[in-house]
Amino acid sequence: MSTHLASQLKSELFSRYSLVPSEQWLSDFLSGSRNPSHPLPSLTSTAHFRLLSTDFTTALSRRQGQLFPSTISDVHTKELVLQTDIPVQVLDIQDTSTSKWAQIEAIERVERGEEIRGREVIRNVPGVNDDDNGNGGEQARDSSSRPSAASSSNVPSDSKKGSTGPHKLLLQDAAGSKAWAFEMSRVERITIVNSNPPMPGAAAAQVPAEGIQIGCKLVLKKGTKVRRGLIMMTPASTTIMGGRVEIWDKKWRDGRKARLKQELERENAN
Amino acid sequence: MPGQQILCVAEKPAIAKAVAQHLAGGRLQTRNVRGNQYVKNYQFTYNFPLWGDCDVIMTSVLGHLTGLDFDQRYRKWTSCPPSQLFEAPIQVTIDHDKKAIAENISQQARYSRILFIWTDCDREGEHIGTEVRNEALKGNPRIIVKRARFSNTEKNHVVQAARNPIDLDEHQANAVAARIELDLRIGAAFTRFQTLSLQNLSEKLENQLLSYGSCQFPTLGFVVDRYYRVRNFKPESFWLIKVMHKRENIKVNFNWRRVHLFDRAAVTILFEQCLDSKHAKVTKVQKKPTSKWRPLPLTTVELQMQGSRFLRMNSHEVMSVAEKLYQKGFISYPRTETDQFSRDFDLKALVRKQTQHNSWGQYAQGLLDGAFKQPRPGRNNDQAHPPIHPVIHAGDNALDANERKVYEFVTRRFLACCSEDAKGEASDIEIEWGPETFHAHGLVVLERNYLDVYVYDKWESSQQLPRYTLNETLEPTEANMTDGKTTPPTYLTEPELIGLMDANGIGTDATMAEHIQKIKDRHYAQSRSKAGGGRNQVQEFIPTVLGVALVEGYDNVGLDVSVSKPFLRKEMELKMKAICEGRKSRREVVDESLEQYREVFVKTQREIDALKRSVTKYVVNDGRE
């Protein structure tokens, strides 16, 4: 195997994608490659593509400069700035703008088949509730804010298009360290989509690649700020590479409703 | 041919009388009808442009003349397995107490050259028109059949209708015939089946009819669904940032653009970032005119929804009062989907009729003196009737309490449509503080316009905002991070239920109130006053134990065909529409819909245990498995 090719590939992957694969992964990739004499750019793209569905804790190198600083999750550190680009994978995603109850309802609507075309059931009709019925919670007199945001008869903007956040993501670096990130300003691709259950008879794994899936890969750019242990994500500071790890994603999706319910129970038990 | 006889038939005695009086111009003879005390034959002469001088007999029926039922041998519940009812032979029947009226028609038809039908101009009316026609043909197979198109019983309108006859719309009549057959077959099959299967599970159900209707059930489905959402609700805490700035002695409250978040840590961190930034910068200062739109012309669904909100009457009551007002000639036909007035409609003439009223006469005069504005057009037109509007002035002593309320609503709404929008000025200030954005909003109402007559809408000025300059920096006077809790949805109120039925395409404007009444009559749901009242005492719906049992039972039979979901009925309604538009035949629709419901029926039979378990759980064991 040509070490020259290996080091060229490594350098390309780093300069184009900020990724440094582990030696093991690199050699597996090159020896498994059917035609190592492919031009470098296409080899690089292929390597990048493959890396998107790997587990970064095994596929990437653990060298310094590719990992979270040790104090990243420290709540006492008021602000810290990332000194290098850090590649990470998504382990969890949450919607901070919507109540868990509303999210559970949204999942149940999909389960009941009500999001299928022709079977939609509209459950909320605007403008018929008593005006003098002040809903507890927060209701600003100013009409430009969502009037009944605190009332849970409102449906999250979830449904087919996906949630608009802001979201919180659990990210993991190549060494396996985890840290939470918050979507400070809207990053387009970050969204949770409740897909319809497959129609009876349809091909099984037709999960549409929409929104963020578990195992999705992204790069936190150099200069990204971390405040009190929470990574602040903006469109400028984040590059979403995409991808997913299918078994993790399936497990996450299957267990999501139960997790939300459990958390809701716990919150109400206090 | 001079001296020929025309037979006119209206849908109700009151309409027959009104029309006869207008056309006869005073020379009217009234004859009794043998065998019926309500229906009369009015005799007069009239000159029709098309037919010349004619003798006219004007009479009426009492709603549907005929009914549909299974052949004698299928009428008893134990006569056959309910599934056979999907195909069992059916026949048109005439009710015993309608026989005299039917006789009257075929008798009079014998001496008449033309049959002029004056039933209400909607689908049901068209079908009744064909029923009348069929009776008339028995007496005179060569009678010519025409139809009058009218939306109210005001004199000029009636005369216009008399002079411009049209033909019966077979399509609409067929749509109704399809509906009648489907309701009969589906209703009977399911009702018999579920009653027989479930009755002996509990003595509470012993003699109870467990009726089924393809529109009732989805209606009940909405009630049950909302009930469970309320019961399963669990409150959650959220956090938000509030900013207040004092200027010119006014305390301006700024609201967070993110509204609130359900993550305390995130909000704390964001708040800290704001506090780090001592000053905030004003990024938007906008003053712009704003308006609150006058309402759209009135449709039946709106009348039911707003009527049950504001008039302390349920939708069924509102509709029956509206029907009475129509028959007495005070308002136009109350069953309409149209929310636009045609260009040549003489609205000012109608406004003029209101200038003498105690409460809104002055306002009406104001409209005529220059404030009049052409109403906003909505997007719907059923091509049959205009939006509901007042036809003539009704003095207070001509109406009883409920009639007065409904008449008032219809009139105020009409006058509001012909008014200017309410105008105001809205101020919007936006500030950026740290990474976060906040805004404040102020409203000054400058002209109330339509709000002065339409007392059902509210729009009020908020506190005046002080002056801000774009790009200036300021220091917030007070800033807090506070929390709140989410609140549960409320049980369904009647206006909401009507809104849901409309949004999900079940029930026509004419029948929604009936279906709601039906689920109450059958003890599937009850209405009660909302706790904590408020001015209007709106009723909210709670399902009964039986209602919950049935809906849950059917849901457990199979979700893809659940009869408590609206889509099956919605499809049926769309097919009815297709018949009216000539796109589908009656036979096609009946066959297709029967197929769909038969599949559901078969599945229900197979999974009857799911229904039984549900009824046992709720009705017998009070909710325990």
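Residues numbered from 1 in each chain as written. Chains lettered and ligands numbered in written order. Predicted model: local features only at pLDDT ≥ 70, side-chain atom pairs only at ≥ 80, totals over all residues. Heavy atoms only, no water.

**Observations concerning the overall build of chain B**
Applicable threshold: In this text, helices come from DSSP runs of H or I with a minimum length of four residues, and strands from runs of E with a minimum of two, each type numbered from the N-terminal end. Under the scheme applied here, a residue whose accessible area is under 20% of the maximum for its type counts as buried, over 50% as exposed, and between as partly exposed, the area being computed with a 1.4 Å probe on protein chains only. Whether two residues are in contact is decided by their heavy atoms, any of which lying within 4.5 Å being enough. Surface accessibility follows the Shrake-Rupley procedure with a 1.4 Å probe radius. Residue values consider only the protein chains on display as shielding.
Each helix and strand counted, chain B has 18 helices and 17 strands in total. C-alpha atoms of chain B, sized along the principal axes, occupy 95 × 70 × 45 Å. When burial is assessed residue by residue, chain B has 56% of its 625 residues classed as buried. Look at the contacts in chain B between residues 6 or more apart in sequence, and 76% of them connect residues 24 or more apart. Just so you have it, chain B exposes about 27,500 Å², and 45% of that area is on carbon and sulfur atoms.

**Regarding the overall build of chain A**
Tallying secondary structure elements over chain A gives 6 helices and 8 strands in all. Secondary structure elements of chain A occur, N-terminal to C-terminal, as α-α-α-α-β-β-α-β-β-β-β-β-β-α. Counting only residues that meet the buried cut, chain A has 46% of its 270 residues in that class. In the structure as shown, chain A presents an accessible area of about 13,700 Å², 52% of it carried by carbon and sulfur atoms.

**A look at the domain arrangement of chain A**
Residue and element names in this part refer to chain A. Where we set the bar: These domain limits were set by an automatic method or by a database of domain assignments. Two parts placed together each lose some accessible area under a 1.4 Å probe, and adding up what both lose gives the buried area. Within this document, salt bridges are pairs made up of a side-chain nitrogen of Lys or Arg and a carboxyl oxygen of Asp or Glu, the two lying within 4 Å of each other. Polar contact is the term for a pair of N or O atoms within 3.5 Å; when the atoms are in protein, one must be able to donate a hydrogen and the other to accept it, and sequence-neighboring residues count only if both atoms are side-chain atoms. Each residue is assigned to one of three groups, with Ala, Val, Leu, Ile, Met, Phe, Trp, Tyr, Cys and Pro labelled nonpolar, Asp, Glu, Lys and Arg labelled charged, and all others, Gly among them, labelled polar.
Per the domain assignment, the segments of chain A are domain 1 (3-52), domain 2 (64-97 + 163-269) and domain 3 (102-151). Tallying the contact residues gives 11 residues for domain 2 and 9 residues for domain 3. For the domain 2 and domain 3 pair, buried surface summed over both sides reaches about 990 Å², with 63% attributable to carbon and sulfur atoms. Where domain 2 touches domain 3, the interface holds 2 salt bridges. For the salt bridge of Glu-108 with Lys-257, the shortest nitrogen-to-oxygen distance reads 3.2 Å. Here domain 2 is connected to domain 3 by 4 residue pairs in polar contact (both at pLDDT 80 or more). Top element by residues in the side of domain 2 that touches domain 3 is helix 6 (residues 246-269). It accounts for 5 residues. For the side of domain 2 that touches domain 3, a count of residues per class yields 4 nonpolar, 3 polar and 4 charged.

**Some points on the pairing of strand 5 (residues 217-220) of chain A**
Residues and elements named next belong to chain A. Counted only if it meets this: Only when DSSP finds a minimum of two bridges between them are two strands counted as paired.
Of the two faces of strand 5, the one carrying Lys-217 and Val-219 and the one carrying Leu-218 and Leu-220 are both buried. Where strand 2 (residues 86-95) lies against strand 5, 4 bridges are found, and the strand directions are antiparallel. Residue pairing across strands places Val-88 opposite Leu-218, the latter belonging to strand 5. As judged from the 4 bridges shared by strand 5 and strand 8 (residues 238-242), these two strands associate in the antiparallel manner. Across the sheet, residue Leu-218 finds its bridge partner in strand 8, namely Ile-240.

**A word on the confidence of the model for chain A**
All names here are of chain A. Where we set the bar: Confidence of the predictor at the level of single residues is captured by pLDDT, which takes values from 0 to 100.
Averaged over every residue, the pLDDT of chain A is 80; residues scoring 70 or more account for 78%. Here residues 130-159 scores under 50 on pLDDT; set against residues more than four positions off or in separate chains, the count is 64 contacts. Note that pLDDT drops below 50 for residues 200-209; the model gives that stretch 5 contacts with residues more than four away or on any other chain.

**Thoughts on the sheet that holds strand 1 (residues 4-10) of chain B**
Residue and element names in this part refer to chain B. Note the cut-off: Only C-alpha atoms enter the line fits that serve as axes; for helices the fit covers just the stretch in contact. Angles between N-to-C directions range over 0 to 180 degrees.
Across the sheet, which stays open at both edges, the 6 strands sit in the order 2-3-4-1-7-8 with mixed pairing between neighbours. Looking at strand neighbours, the two that pair on one side only are strand 2 (29-33) and strand 8 (144-147), the edges of this open sheet. Between one strand and the next, the sheet's axes are offset by a mean angle of 25 degrees, whatever the strand orientation.

**Section: the nonpolar core**
Residues and elements named next belong to chain B. Going by this rule: Note on terminology: a nonpolar core comprises buried Ala, Val, Leu, Ile, Met, Phe, Trp, Tyr and Cys residues joined through side-chain atoms within 4.5 Å.
Counting residues in each nonpolar core, the largest one holds 69 residues, and the members touching the most others are Phe-48, Met-58, Trp-118, Leu-303 and Ile-331. In terms of residue count, the dominant contributor to this core is helix 12 (residues 401-417) (7 residues). Setting aside residues up to four positions removed in sequence, Leu-303 forms contacts with Leu-298, Ser-308, Val-318, Met-319, Ala-322, Ile-388, Phe-409 and Val-410. Residues Cys-80, Ala-525, Tyr-554 and Ile-608 belong to the second largest nonpolar core, which totals 65 residues.

**Digging into the pattern of salt bridges**
Residue and element names in this part refer to chain B. Tallied over the full model, the rule gives 56 salt bridges over all chains. Residue Glu-323 pairs with Arg-335 through a salt bridge whose shortest N-O separation is 3.8 Å. Placement of the pair is Glu-323 in helix 9 (residues 315-327) and Arg-335 in the loop between helix 9 and helix 10 (347-352), with a sequence separation of 12 residues. By the burial criterion, Glu-323 is buried, and Arg-335 matches it. Residue Glu-552 is joined to Lys-617 by a salt bridge in which the shortest nitrogen-to-oxygen separation is 3.3 Å. In this pair, Glu-552 is assigned in helix 15 (residues 545-557) and Lys-617 in helix 18 (residues 608-620), connecting sequence segments 65 residues apart. The exposure class of Lys-617 is buried, given its relative accessible area of 13%. Through salt bridges with shared partners, a single network forms among Glu-11, Lys-12, Asp-120, Glu-323 and Arg-335.

**Concerning the UniProt feature "domain: RecQ mediated genome instability protein 1 OB-fold" (unreviewed entry) in chain A**
Here is the rule: UniProt positions are given in the numbering used here, feature names are shortened, and annotations may be inferred rather than shown by experiment.
Feature annotation in UniProt assigns "domain: RecQ mediated genome instability protein 1 OB-fold" (unreviewed entry) to the following positions: residues 68-192 and 212-256 of chain A. With 24% helix and 36% strand, residues 212-256 of chain A has its two end C-alpha atoms placed 14 Å apart.

**Examining the environment of Asn194(A)**
Its place among the elements puts Asn194(A) in the loop between strand 4 (178-183) and strand 5. C-alpha of Asn194(A) to C-alpha of Gly162(A): the two residues are 32 residues apart in sequence and 7.1 Å apart in space.

**A few points about the side chain of Lys520(B)**
All names here are of chain B. Heads up, the condition is: None of His or the chain ends enter the tally, which takes Lys and Arg as positive and Asp and Glu as negative.
Tracing the backbone through its elements, the reader meets Lys-520 in helix 14 (residues 512-521). Buried charge Lys-520 goes without a salt bridge, the closest partner of opposite sign being Glu-494 at 5.1 Å. When sequence neighbours within four positions are dropped, the list of residues in contact with Lys-520 reads Asn-314, Ala-525, Ser-527 and Phe-541.

**Some details on the environment of Ala173(B)**
Residue and element names in this part refer to chain B. For Ala-173, the location among the structural elements is in helix 5 (residues 170-198). A relative accessible area of 4% places Ala-173 in the buried class. With 49 residues separating them along the chain, Ala-173 and Glu-124 place their C-alpha atoms 7.2 Å apart. Setting aside anything within four residues of it in sequence, one finds Ala-173 in contact with Glu-126, His-127 and Thr-130.

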